[in-house]
Structures are given as structure tokens and as C-alpha cells.
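# Observations on chain architecture
Chain residues, written in single-letter form:
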Amino acid sequence: MENHITQISREDLDDLREAFNKIDIDNSGYVSDFELQELFREASFSLPGYRVREIIETFIAGDTNKDEKISFEEFVSIYQELKSKEFSETFRKTIARRDGIRSFGGTSGISSEGTQHSYSDEEKVAFVNWINKALAKDPDCQHLLPMNPDNPDILFTSVRDGILLCKMINLSQPDTIDERVINTKKRTTFTMTENLVLALNSASAIGCRVVNIDAHDLMAGKPHLVLGLLWQIIKIGLFADIEISRNEALLSLLAEGEELDHLLSVSPEELLLRWVNSHLHNAGTKTISNFSEDIKDSRAYFYLLDQISPKGDGDDKMSISIDMSGLNEPDLDRRAELMLRQAARLDCRQFVSPHDVTSGNSKLNLAFVANLFNMHPALHLQGAQSNGNGIDTALIEGVFPSESREEKTFRNWMNSLGVSPYVNHLYCDLCDALVILQLYEKVNVPVNWRKVNRPPYPVLGANMKKLENCNYAVELGRTEARFSLVGIGGENLNEGSPMHTLALVWQLMRRYTVLVLSDLGDGEKVGDQIILSWVNSTLSQGRKDTQINSFRDKLISTSLPVIDLIDTIAPNAVKSEMVKRGERGDRGVLSHEDKLNNAKYAISVARKIGARVYALPDDLVEVKPKMVLTVFACLMGRGLKKADR
């Protein structure tokens, strides 16, 4: 009988890639066969254990490499076969009955007709409870909260007016959105759409992947899109402080003989795993290697809670003693409940239910652990030394300085485009050029992937393979993209040289930004002077007197040229009472506070009217010409779209 293989939409393929990357913690490009069941669960396609074992046996029999590792392409092939007509009905019923996974038809506008999507009830309940707690006191959310987690649709309808999403973004990354810009009073279809556009563009600016999501999808409350976006926003907030430049105590996780540079380059997920294992080691119990199978019996959690609970002296009221008797409970669901009761004493009963623990939901358990770390890290450095390795924490800034605004902007821009692997650290995560090559494709520079070395790299010669990629990236920049790369070689990217890496990345971001100016031809042909001329002519048409002579003009520090430009291309978007102008003819003497408030307002209004701005308010106040250029280019793209209507 002919076997009809189900075609996978690009959106589903992106979902599979996201699921694969969550299991592929070390970014090797492969997962082990024993991780396949967890991978299917992440892909919202849970299978019974016996069926997974059958798949593994079949795979190993046909595995020519005999390495018992599964690449992304092999996973997609397995997934396609399982989703084919022969299997789909059986597994859809199994999923709905056993795992609390709901399936539904309909997708975003660009997706294939008839595509089925799924979402997890457990994730929906976890997010509802987290939002209820996080925004409980927010006066602008009282019409939505508290949400009833038992209501199957409540979360998806709650995002319709955009207010909740904007608030969650600010919770994860404070001051991303100027809340004066959020429409909180009259909730009409128009004002709600404005809020959703503001939320999507702001989510993109903090590094969320929002490709293929628009305001109409969120207004319709499409479950898989709502849950996917909320998870990204929540995760960014949970991971914000899990990096060494912001938490020096993480240096205590340096392994014996490990180079500091390596520890500085690991992902937040790996740091969390190290953190848990450090406490488990101190407790004298076995460590874990994942947040799925290894935590199902709750033992690791009991010992972790005991290690991180506040310890006082004697009758200290701040001391909390964890009741470990739950370890003797034979029923795993009951044991998990007893463990979570102890977590509640630390105000950390969030994200997981007993079933989420015993079923090994890796996403929700990762969130649970991240929240534990943020609330009770319980890490200590001995003096200026770390872990006996002789690391002087006073020198940490010299070895690995805090991320600059420019670096953060570039990193968020890359992640918003859905590059893989996710960029946690700008330089070390680009040292094999795979992300750079993906960015080339985003700016319409063709890449011959047959020339590219992909992980896993060989133990011997791994760096040579990465260097070859970097050399190819520089070659493409010079020959195809026509970038100015004088004095930049592949070795500079491979070594993570900030100056050389930023030079290339800036040109990629500039090309991406000006590609929105499609009416003027290919993006690389749009010079700064064209954008500058458009800005001034548009300001003149709007009878504004805030002309600028360059993207270094000091008047930009007031943000008034940006605000006036927005007012011209989107009348009524700017509320004049929100803008500080100073005395006429003397606008450059606004206080720093007034300038910053203007900048916050300008950036948020720009995003609200549909300009995907990545720059930060400080970039305007300090008149950073590169970032200023991107702001005006995005507004020019928005203005040209209006002119075409």
C-alpha cells in the first residue's frame, strides 16, 4: 500500500526546530535515542513508551552511522512518518486522552490549510497561575485577573486587548514599554490592535521570535501562538539574572580544571543544571543530567529545597526547615505534592503541578527551577576566590565585561529572527559563523550550505571546521553582500574579537533594517543621505521645525525629531501632553530626565504604529548614530507603507 507522507508547514517546522533545540542542550546538532520520547513531548506529540522503543529499534537498525544519535533532519523524517495518514488518527486520540494535549485546526494566515496544532493544558494552567501572581496588583489588569485556570479559553481571550502582553513584557524586561503608550481605557478593536502591535514589536526588541505572528492571530486567541509567545516572554524574564556578568556568585559553579572562558559561555539552561547539581553534591546525593526523567521521583527537588532554604541561627524567624519525610512516600504523585508544599514555604510553588513533575515536563520544570534560583540562589564565593580555582572576582569585568547596550540590541535582533542556536553570548555563540550565515539569508544573501560545516564537530580539528565557516562568512560579506570588511578575517570571528564581530554584525543589521524600504530598490543601495533627506522633507511637510543635519545631530538627544516625524506619518498617535519640549528655540537644554522620558515615549509610540524598532531610549539620548539610523529607517519604512495605501 502506498504510504502518503504528511507535508509539514514552515510554521510546524519552526516548532519542531524549537523543540529539538530545547532537548539539544549542548547545541551539538544531535539528540540521543534515549531522549526521543522527551523530544516528542516537547513537540506536543507525546507517544507511549513502547511506541518510542519500537521507533528507536527501527531507527538503529537503519542507522548507517551506528552512533545512536538523531539529527534534526532524521527527527523530522520520523515525525513526518508518524503524522502520516496511517498513524494520525490513532495518535491524535492517544494524545488527547492520555496527555492533556488539545488539537485544533486553523493556523496563522500564511500557514498551510488544514494544519493541526496542539497545545498543552499543563502549560496553559502554569502560565495562568504565574500571571495571576505576577500581575495581581496591577490596576490596569483588574478587568482580567484573577483568571480561572480551569476555564479552557480564559488565557487565550485575555490577550485580546494587548494590555496583559504589554505588562508581561515589562515584567520580564522592565521599561521596555512606556506604559503611557498602552491604551488602557477605551478598548475598541482599533485600540486593542494598537496594543497588540506594540506588544509584538516590543517582544521582538527583547529577543522573542515573533515571525509569522500578527495582531489578528492574537486577537483571535490562537492557542499555540499565544502559549508560544508567552513562554518566550516568561523565559526571558526568568533567565535575565542567570548570567555571570550579572551574578558573580555563579563563578562558584566553575568545575575543577575548567577554563573561566568556557563557564562564561555556557547557556542559562546549563548554568541552572550546574546550580542544581552543585547543591545536590553538597547534600551528598546523586546529581541529575536533565529536567525531565531525572526529576520525576522528586528526590532531587527535596534535596535542592533543603539546601537553598534560608538558614538562621537558633530561633531565627527567617529560618525555614524543609520537611524531608516526603521522600518516604511511595506514591510518586503524592510525593511530588509533598515536595511542592515545601516549595510553597519558600514562596516558590510556581509552574509545576505534581503531574508535571512525575511526567517530566521539561519546559515547566525548567521554569520551576529558574524561579527557585531567582528566589533562593544560595551561592557564596569565598573572599575574592572562586571554588579553589584562584579566580579573582574583582577581575571578572576585565575578563568578561557586562553586555553593552549595542551588544544586547544585536543579540535580541538575531534571536527575534529565529536563528539557531539561540544567542546567549554574542561572541562565543557566533564563533562558528552558523548564526551569521543564517543572518545572511535573512538579508537576501544566498548561502551555499554544502560549504558549511555543521555540528557535531570532530573532537580533533573542531576549531578548524569552525574557522572554515568563519572564512566563508567573511568571503560572502565581501563578494556577495559588498560589505566593508577591511582588516577582518575569519580568524577574528572565530576568536570572538568584539571589534571585528560587531563591524560585520552592524552591517548585517543595517542591511536588514533598510530592506523595508523596498520602494527604493535593494536595501544596500539606500544610503544614509537618502534616509536623512526623507526625514527632513517629511518633517517639512508636517510643518515641523525639528530638522536635523545628520544622525549625530544633538537635537536628536531630545527625541523631538523622532516624535515629530511619528506625528507626521501617523497623525493622532502622539499625545502632546506627554512630550517635554522646553522653551522654543532652546530645546537642547532639556534635563536628562526629560530627554529620557521623551526617548522612552518615542520608541514605544514608534513600535505602536508598526515600526519594528530595536534601539533603546538611551541610544537616542546619547545620540548613538548607528542606532539612530535604524530608528529613522524603520519610520521611513512605515511612512512609505502609508503612502502606498
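Residues numbered from 1 in each chain as written. Predicted model: local features only at pLDDT ≥ 70, side-chain atom pairs only at ≥ 80, totals over all residues. Heavy atoms only, no water.

Another aspect to go through is the overall build of the chain. Scanning the chain from N- to C-terminus turns up 28 helices and four strands. Counting every position in the chain, which comprises 645 residues, the buried fraction comes to 55%. In the chain, of all internal contacts separated by at least 6 residues, the share reaching a separation of at least 24 is 61%. Here the chain has roughly 29300 Å² of accessible surface; of this, 49% comes from carbon and sulfur atoms. (Helix = DSSP H or I, 4+ residues; strand = E, 2+ residues; numbered from the N terminus. Buried < 20%, exposed > 50% of the residue type's maximum accessible area, 1.4 Å probe, protein only. Contact = heavy atoms within 4.5 Å. Areas by Shrake-Rupley, 256 points an atom, 1.4 Å probe, with all protein chains shown as cover.)

The subject of this paragraph is helix α23 (residues 498-514). Taking 1.5 Å per residue as the helical rise, α23 with its 17 residues ought to reach 24 Å, and the 24 Å between its terminal C-alpha atoms agrees with that figure. Burial analysis of α23 places 13 of its 17 residues in the buried class, the great majority of the element. (Expected span 1.5 Å × (residues − 1).)

Moving on, we get to the packing of helix α24 (residues 528-541) against helix α25 (residues 560-569). Where α24 meets α25, the closest approach of the two axes is 9 Å, and the angle between their N-to-C directions is 65 degrees. Pair α24 / α25 crosses with left-handed handedness. For the pair α24 and α25, the contacting residues are Trp534, Val535, Thr538 and Leu539 in the first and Pro561, Asp564, Leu565, Thr568 and Ile569 in the second. (Axes fitted to C-alpha atoms, helices over the stretch in contact; angles between N-to-C directions. Left-handed = near helix turned anticlockwise from the far one by under 90°.)

Turning our eyes to something else, we now look at the layout of surface pockets. Put simply, the second largest pocket is a space of about 1200 Å³. Lining the second largest pocket are 43 residues, with Val197, Lys608, Ile609, Gly610 and Ala611 positioned closest to its centre. Taken together, the elements giving at least two residues each to the lining of the second largest pocket come down to α9 (189-205), α23, α26 (592-608) and α28 (625-644). The biggest single contributor to the lining of the second largest pocket is α9, with seven residues. The residue inventory of the lining of the second largest pocket, partitioned by class, reads 22 nonpolar, 10 polar and 11 charged. (1 Å grid on protein atoms, 1.4 Å probe; cavity = no way out; pocket = protein on both sides within 12 Å on 5 of 7 lines; lining within 4 Å. Points joined across faces, edges and corners; volume = space filled by probe spheres on them. Nonpolar A, V, L, I, M, F, W, Y, C, P; charged D, E, K, R; others polar.)

This part takes up the packing of aromatic side chains. In the structure shown here, the tally under the stated rule is 11 aromatic pairs. Arranged with centres 6.2 Å apart and planes meeting at 5 degrees, the rings of Phe127 and Trp231 form a pair that is stacked. Of the two residues, Phe127 is situated in helix α6 (residues 121-134) and Trp231 in helix α11 (residues 223-239); the sequence distance between them amounts to 104 residues. Classification of Trp231 as buried rests on a relative accessible area of 3%. Through successive ring pairs, a cluster of aromatic residues spans Phe20, Phe40, Phe72, Phe75 and Tyr79. We note Arg17 situated over the ring of Phe72; from NZ or CZ to the ring centre the distance is 3.8 Å. (Phe/Tyr/Trp six-rings, centres within 6.5 Å; stacked < 30°, edge-to-face > 60°. Lys NZ or Arg CZ within 6 Å of the ring centre and 35° of its normal.)

This brings us to the environment of Leu272. The residue Leu272 is located in helix α13 (residues 268-282) in this model. With a relative accessible area of 0%, Leu272 lands in the buried category. Distance from Leu272 to Phe373, taken between C-alpha atoms, is 7.7 Å for residues 101 residues apart in sequence. Setting aside chain neighbours within four positions, we find Leu272 in contact with Phe239, Ile242, Phe291, Leu366, Val369, Ala370 and Phe373.

Before going further, it helps to spend a moment on the pattern of salt bridges. Evaluated as defined, the whole model comprises 24 salt bridges. Lys167 serves as the salt-bridge partner of Asp140, at 2.9 Å between the closest nitrogen and oxygen. Here Asp140, found in the loop between α6 and α7 (154-158), pairs with Lys167, found in helix α8 (residues 163-172); they are 27 residues apart in sequence, far enough to count as distant. Taking relative accessible area as the criterion, Asp140 reaches 25% and is therefore assigned partly exposed. Here Arg405 ties to Glu622 by a salt bridge, and the two come within 2.9 Å at their closest N and O atoms. Linking Arg405 in helix α19 (residues 405-416) with Glu622 in the loop between α27 (617-621) and α28, this pair joins segments that are 217 residues apart in sequence. On the accessibility criterion, Arg405 (26% relative accessible area) is partly exposed. Beyond isolated ion pairs, a larger network of salt bridges with shared partners links Asp138, Asp140, Lys167 and Glu179. (Salt bridge = Lys/Arg side-chain N within 4 Å of Asp/Glu carboxyl O.)

Structurally, Asp356 is set in helix α16 (residues 354-358). Taking relative accessible area as the criterion, Asp356 reaches 3% and is therefore assigned buried. One polar contact links the side chain of Asp356 to the main-chain amide nitrogen of Ser353, over a distance of 2.9 Å. Asp356 has contacts with Glu122, Phe351, Asn361, Leu364 and Asn365, leaving out every residue within four places of it along the chain. (Polar contact = N/O pair within 3.5 Å; in protein donor to acceptor, adjacent residues only side chain to side chain.)

Treat this as a map of the structure, not an account of what it does.
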